[in-house]
Amino acid sequence: SHKRKLSNDFLLENGVAGSSDTGVKVIVRMRPPNTNEEEGEVIVQKTSDDSLSILGQTFTFDSVADASSTQAHIFQFVGAPLVENCIAGFNSSVFAYGQTGSGKTYTIWGPSNALLEEELSSDQQGLTPRVFESLFFRMNEEQNKHADKQLMYQCRCSFLEIYNEQITDLLDPVQRNLQIREDTKTGVYVENLTEESVCSLKDVTKLLKKGLSNRRTGATSINMESSRSHSVFTCVVESRCKSKDGLSSLKTSRINLVDLAGSERQKSTGAAGERLKEAGNINRSLSQLGNLINILAEVSQTGKQRHIPYRDSKLTFLLQESLGGNAKLAMVCAISPSESCKSETFSTLRFAKRAKAIKNKAVVNEQ
Ligand code: ADP
């Protein structure tokens, strides 16, 4: 197996707009005020397509989505390019970062538990079902376009949760405390994790429903449904085709959709005992993510080499490829518009700003 650097010709040939851009794409999404929040409490205003203002400070990202933004808009900005990248053979990840209740789950999967209900109104659908709907459509188009090359796709999905620094298989939750392994050929993988073949959006939705119903949510004194776990949905897409010389070639790309645990500081939640232990561990994965973002931003800016401590937490070890490595990364940073969340919002915006400075090195995996 060898990794091919992308030339401009390759990009043009494949019609992938913006593929040479390896920066992390950062979108800040502000949810609408909820019923406990007064209109007057709103302190965040979108000032243009890519900036917002909060208490006199302006922040600029790749895009800013306010309360009026739709799920379709988020798909257009984050999901559609991810699908094109996947078709072109790149690894792509989307992370949702932010405090509990800011809209991470809504963005990545859809409204809380909506996938578990039979009736999911289509305009509320989250990023993941939209990505797979589009991916299957695009694969079909590509197959028709390249019928002479006998283009074939194969997709395998897995769904896991990192909770208390332990990995649980959400498609087979008796499998707890799974271990991350690294192999020079396949890279980083989770040993014994269930992988299911999928051929349609329906297959994916079935897995999502199953996995989400196995997700753990812990109640704390502040947030009844505070999510203390990170969940990672992964799809490996393999495409095989015959080239002009009759040889068969294989391209592999990987999609990771990641709903991170709430980024809020844990001390005000009155956590005690087992919960405190969880909080400490979740802070380890999240603070390690923050650490890596800082280091990678510095490396990208100064060009100086540094040791990157990927292995210091399960999250960063598992997703190391997405962080400064061979993947395109989009980060959706979710914020609340209200005064009461001010300090968490500033902290999320600072995180988002540092993430913006990272450069990944995405190449096509081809053999
Ligand atoms: P998190 O995953 O960050 O804890 P959720 O996604 O569960 O937060 O969002 C908290 C609540 O706000 C949910 O009831 C969700 O449906 C609602 N919500 C979040 N973002 C939006 C949005 N952009 N539009 C409408 N409702 C939203």
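Residues numbered from 1 in each chain as written. Predicted model: local features only at pLDDT ≥ 70, side-chain atom pairs only at ≥ 80, totals over all residues.

The chain has the name Kinesin motor domain-containing protein in an unreviewed UniProt entry, where Lactuca saligna is given as its organism.

1. Focus: the overall build of the chain
Helix and strand counts for the chain stand at eight helices and 16 strands. Out of the 367 residues in the chain, the part that is buried amounts to 43%. In the chain, the proportion of contacts linking residues at least 24 apart, taken out of those at least 6 apart, comes to 72%. (Helix = DSSP H or I, 4+ residues; strand = E, 2+ residues; numbered from the N terminus. Buried ≥ 20, exposed ≤ 12 C-beta atoms within 10 Å, placed from the backbone. Contact = placed C-beta atoms within 7 Å.)

2. Observations regarding the packing of helix 2 (residues 71-88) against helix 4 (residues 127-145)
At a minimum axis distance of 9 Å, the contact between helix 2 and helix 4 shows a crossing angle of 40°. Between helix 2 and helix 4, the crossing angle belongs to the class labelled oblique. At the point where helix 2 passes helix 4, the crossing takes the right-handed sense. On helix 4, the residues touching I74, F75, V78, G79, A80, L82, V83, C86 and I87 of helix 2 are L127, R130, V131, S134, L135, R138 and E142. (Axes fitted to C-alpha atoms, helices over the stretch in contact; angles between N-to-C directions. Parallel < 35°, antiparallel > 145°, perpendicular 65-115°, else oblique. Left-handed = near helix turned anticlockwise from the far one by under 90°.)

3. Comments concerning the UniProt feature "binding site: ATP" (unreviewed entry) in the chain
Summarizing the sequence annotation, UniProt attributes the feature "binding site: ATP" (unreviewed entry) to G98, Q99, T100, G101, S102, G103, K104 and T105 in the numbering used throughout. In this fold, K104 is placed in helix 3 (residues 104-108). C-beta crowding within 10 Å serves as the criterion here: with 27 such atoms nearby, K104 is assigned to the buried category. Those residues in contact with K104, other than ones at most four positions away along the chain, are A96, G98, D259, L260 and A334. (UniProt positions renumbered as here; feature names shortened; annotations may be inferred.)

4. Some words on the pairing of strand 8 (residues 152-163)
Strand direction decides the pairing type here: strand 8 and strand 13 (residues 230-242), joined by 11 bridges, are antiparallel. From the neighbouring strand, Y153 faces strand 13, where its bridge partner is S239. Where strand 8 meets strand 12 (residues 196-198), three bridges bridge the pair, whose relative direction is antiparallel. Across the sheet, the residue bridging to C157 is E196, located in strand 12. Between strand 8 and strand 9 (residues 166-169), which pair antiparallel and follow one another directly, the connecting turn spans two residues, one of which, N164, has a positive phi of 60°. (Pairing = 2+ DSSP bridges.)

5. Description of the confidence of the model for the chain
Within the chain, residue pLDDT values average 84, and 84% of them lie at 70 or more. Looking over the chain, one finds the lowest element-wise mean pLDDT in strand 1 (residues 2-4), namely 39, and the highest in strand 12, namely 98. Here residues 1-20 scores under 50 on pLDDT; set against residues more than four positions off or in separate chains, the count is 24 contacts. Across residues 218-226, confidence stays below pLDDT 50; counting only partners more than four residues off in sequence or on other chains, it has 20 contacts. Listed scores for the predicted complex are pTM 0.89 and ipTM 0.99. (pLDDT = per-residue confidence, 0-100.)

6. Observations concerning the site of the ligand
Close contacts around the ligand come from 15 residues, with R31, G103, K104, T105 and Y106 the closest. Looking at the shell around the ligand element by element, the count peaks at three residues for helix 3. Here the shell around the ligand is composed, by residue class, of four nonpolar, nine polar and two charged. (Near = placed C-beta within 6 Å. Nonpolar A, V, L, I, M, F, W, Y, C, P; charged D, E, K, R; others polar.)

7. As for the environment of V24
Along the polypeptide, V24 turns up in the loop between helix 1 (8-14) and strand 2 (25-30). Taking the C-alpha atoms as reference, V24 lies 7.0 Å from N360; in sequence the two are 336 residues apart. Those residues in contact with V24 that lie beyond four places of it in its chain are L329, M331, A355, K356, I358 and N360.

8. Details of the packing of helix 4 against helix 5 (residues 201-213)
At a minimum axis distance of 9 Å, the contact between helix 4 and helix 5 shows a crossing angle of 155°. Considering their axes alone, helix 4 and helix 5 lie roughly antiparallel with respect to each other. When you trace helix 4 past helix 5, the crossing you get is right-handed. Where helix 4 abuts helix 5, its residues T128, P129, F132, E133 and F136 lie against L201, V204, T205 and L208. Considered class by class, the residues forming the contact of helix 4 with helix 5 number six nonpolar, two polar and one charged.

9. Here's the deal with the sheet that holds strand 4 (residues 51-54)
Across the sheet, which stays open at both edges, the three strands sit in the order 3-4-5 with antiparallel pairing between neighbours. Among the strands making up the open sheet, the edge pair consists of strand 3 (44-48) and strand 5 (57-60). The sheet shows a mean angle of 30° between the axes of neighbouring strands, direction not considered. Where strand 4 and strand 5 come together, four bridges link them in antiparallel fashion. By the bridge assignment for strand 5, S51 is matched with T60.

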